[in-house]
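# Residue-level structure breakdown
Below are the chains, spelled out letter by letter.
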Amino acid sequence: MKIVRFSGSISSINNTFLSNCIILAISPANQDLATPDAIKMLREVDPTGERTIGVLTKIDLMDKGTNAVDILEGKSYRLKFPWVGIVNCSQQDINKRVDMAFARRKERDYLPA
């Protein structure tokens, strides 16, 4: 397995290179999923989502009244494997030294199965 760390403009990645890879697509939930250049490129190089693993971050920072259900259920952008949703500890929780058991319960409440 070859791991390539990319730092630079996403538009400069060679499409031939991407057509032979497993793609880890990380996108913040507090932005429109169709907006990031990486997602646009994914639609070109992996239109069926067979080689892409999607990670949706910052779900806890979404505007009130919005949610990530359509993305996580694959309705907005379908992948072969389900999207992974991430809720991070807030800075307030870190400062208060919230224990991990409580944080896990809070996460389960936020992301019901």
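Residues numbered from 1 in each chain as written. Predicted model: local features only at pLDDT ≥ 70, side-chain atom pairs only at ≥ 80, totals over all residues. Heavy atoms only, no water.

As recorded in an unreviewed UniProt entry, the protein chain goes by Dynamin central domain, Dynamin superfamily and comes from Helianthus annuus.

### Comments concerning the overall build of the protein chain
Across its full length, the protein chain carries five helices and three strands. Ordered by position from N to C terminus, the α and β elements of the protein chain give α-β-α-β-α-β-α-α. Residue burial in the protein chain is summarised as follows: out of 113 residues, 28% are buried. Nonlocal contacts in the protein chain, meaning residues at least 24 apart in sequence, comprise 72% of its contacts between residues at least 6 apart. Split by element, the accessible area of the protein chain, about 8,400 Å² in all, is 54% carbon and sulfur. (Helix = DSSP H or I, 4+ residues; strand = E, 2+ residues; numbered from the N terminus. Buried < 20%, exposed > 50% of the residue type's maximum accessible area, 1.4 Å probe, protein only. Contact = heavy atoms within 4.5 Å. Areas by Shrake-Rupley, 256 points an atom, 1.4 Å probe, with all protein chains shown as cover.)

### Examining unusual backbone geometry
For K58, which is not glycine, the phi dihedral falls at a positive 60 degrees. Among the structural elements, K58 can be located in the loop between β2 (52-57) and α3 (69-72). At R97, a position not held by glycine, the phi torsion is positive, near 55 degrees. With respect to the element layout, R97 can be found in the loop between α4 (91-95) and α5 (100-110). Residue classification places R97 among the exposed residues on the basis of a relative accessible area of 74%.

### Let's talk about the nonpolar core
Among the nonpolar cores identified, the biggest contains 15 residues, and L42, L56, I59 and W83 are the most heavily contacted of them. For this core, the element with the most residues is helix α2 (residues 37-45), which contributes three residues. (Core = buried A, V, L, I, M, F, W, Y, C linked by side-chain atoms within 4.5 Å.)

### A closer look at a nonpolar patch on the surface
Together, I22, L24, I26, I53 and F81 make up a nonpolar patch on the protein surface, roughly 530 Å² of accessible area in all. Tracing the backbone shows F81 in the loop between α3 and β3 (84-85). Relative accessible area serves as the criterion here: at 44%, F81 is assigned to the partly exposed category. (Patch = residues over 30% accessible without salt bridge, like charges linked within 9 Å, V, L, I, M, F, W, Y side chains within 5 Å. Salt bridge = Lys/Arg side-chain N within 4 Å of Asp/Glu carboxyl O.)

### Notes on the pattern of salt bridges
Within this structure, the stated rule accounts for one salt bridge. The residue K75 makes a salt bridge to E73 at a minimum N-O spacing of 3.0 Å. Taking relative accessible area as the criterion, E73 reaches 46% and is therefore assigned partly exposed.

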